[in-house]
Amino acid sequence: MSELIQALEERKSNNSKTPSMFQKLLESLPEEERKAVERSLDLIRSDNRKGRAKVYSCAWLADVLTSHGYPVSRTTIRRYLNENTDNRH
């Protein structure tokens, strides 16, 4: 059996999940800034408004972080929130 076929048929689960890019960014921040970003994430989670009425969003946080030297996309933040949601709404 070829190595490719063997690798495809014997797929092993990856239990050693590596931290996401956003998680690495959080971990690199000074504690005070990290806590402020975490509060912002909570605000995004709890802002139930839609469209332009939404005050706190992934786009807003991405813009703030990027303008302060932490380039990150709204998609990266959304992915982080989706992976780390504990139904706080």
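Provided above is the structure to which this section pertains.
Here the structure is a predicted model, which is why all the values come from computation and not from measurement.

A. Highlighting the pattern of salt bridges. Counting across every chain of the model gives four salt bridges. With a closest N to O distance of 3.2 Å, R34 and E38 form a salt bridge. You can see R34 and its partner E38 sitting in helix 3 (residues 31–46), four residues apart, about one turn around the helix. Look at E38 and you get partly exposed, because its relative accessible area is 31%. Across the pair R45 and D42 runs a salt bridge whose closest N-O atoms are separated by 2.9 Å. Residue R45 and its partner D42 are located together in helix 3, separated by three residues, close to a single helical turn. Residue classification places R45 among the buried residues on the basis of a relative accessible area of 9%.

Scoring rules and cut-offs
- Residues numbered from 1 in each chain as written.
- Predicted model: local features only at pLDDT ≥ 70, side-chain atom pairs only at ≥ 80, totals over all residues.
- Heavy atoms only, no water.
- Salt bridge = Lys/Arg side-chain N within 4 Å of Asp/Glu carboxyl O.
- Helix = DSSP H or I, 4+ residues; strand = E, 2+ residues; numbered from the N terminus.
- Buried < 20%, exposed > 50% of the residue type's maximum accessible area, 1.4 Å probe, protein only.

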